[in-house]
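Now for the letters of each chain:
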Amino acid sequence: REKLDPYIILGTKKFVLLFDNDKAGNDAAKSLAHKMNSTGILTYIGNKLIPEGKDPGDLSQADVDNLKQNIYSLITE
């Protein structure tokens with residue numbers, strides 16, 4: 001909880017989690033999202049927006065551009 005305090009103080013309303021799109025990443029994102037949602041921050045899990053088998057750090061520029069657009073669509077629905 002303490003690690004979220006700076007975001008809460010800044011008034012962050014929405015947060016997108018991006019972990020590896022695999023079982024471990026999805027499990028970790030679900031656990032963290034549950035904790036974050038309890039603080040009042042609306043938390044989205046964006047793992048499914050990352051191509052399966054790709055690490056977020058290994059995305060090409062085209063993948064990143066596509067990811068940005070998909071995140072925007074996710075949080076503005």
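Q: Which residues make up the overall build of the protein, and what are the values?
A: Secondary structure assignment for the protein yields 3 helices and 2 strands. Starting at the N terminus and walking to the C terminus, you meet the elements of the protein as α-β-α-β-α. Across its three principal axes, the protein shows a C-alpha extent of roughly 35 × 25 × 20 Å. Expressed as a percentage of the 77 residues in the protein, the buried residues total 22%. Summarising the internal contacts of the protein: among those between residues at least 6 apart in sequence, 61% fall at separations of at least 24. When the accessible surface of the protein is split by element, carbon and sulfur atoms take 55% of a total near 5400 Å².

Q: Please provide a residue-by-residue account of the packing of aromatic side chains, values included.
A: Any pair of aromatic rings gets described here by the distance separating the centres and the angle formed by the planes. Taken as a whole and judged by the stated rule, the model has 1 aromatic pair. Each ring, one from Y7 and one from F15, has its centre 5.2 Å from the other, and the planes form 85°; the classification is edge-to-face. Looking at Y7, the relative accessible area reads 36%, which means it is partly exposed.

Q: So what's going on with the pairing of strand β2 (residues 42-45)? Residues and values would help.
A: Here strand β1 (residues 14-17) runs beside β2; their pairing, made up of 4 bridges, is parallel. Note on β2: the bridge partner recorded for V16 is Y44.

Q: Provide a residue-level description of the environment of K30, including the pertinent values.
A: Residue placement: K30 occurs in helix α2 (residues 23-37). Taking the relative accessible area as the measure of exposure, K30 reaches 55% and is therefore exposed. C-alpha of K30 to C-alpha of Y44: the two residues are 14 residues apart in sequence and 9.3 Å apart in space.

Q: Give me the lowdown on the side chain of N21, citing residues and values where you can.
A: Relative to the helices and strands, N21 resides in the loop between β1 and α2. According to the relative accessible area criterion, N21 is buried, its value standing at 10%. In this structure the side chain of N21 is engaged in a polar contact, spanning 3.1 Å, whose partner is the backbone oxygen of I50. Residue contacts for N21: discarding those within four places in its chain leaves N26, N47, K48, I50, E52 and G53.

Thresholds, definitions, all that
Residues numbered from 1 in each chain as written. Predicted model: local features only at pLDDT ≥ 70, side-chain atom pairs only at ≥ 80, totals over all residues. Heavy atoms only, no water. Helix = DSSP H or I, 4+ residues; strand = E, 2+ residues; numbered from the N terminus. Buried < 20%, exposed > 50% of the residue type's maximum accessible area, 1.4 Å probe, protein only. Contact = heavy atoms within 4.5 Å. Areas by Shrake-Rupley, 256 points an atom, 1.4 Å probe, with all protein chains shown as cover. Phe/Tyr/Trp six-rings, centres within 6.5 Å; stacked < 30°, edge-to-face > 60°. Pairing = 2+ DSSP bridges. Polar contact = N/O pair within 3.5 Å; in protein donor to acceptor, adjacent residues only side chain to side chain.

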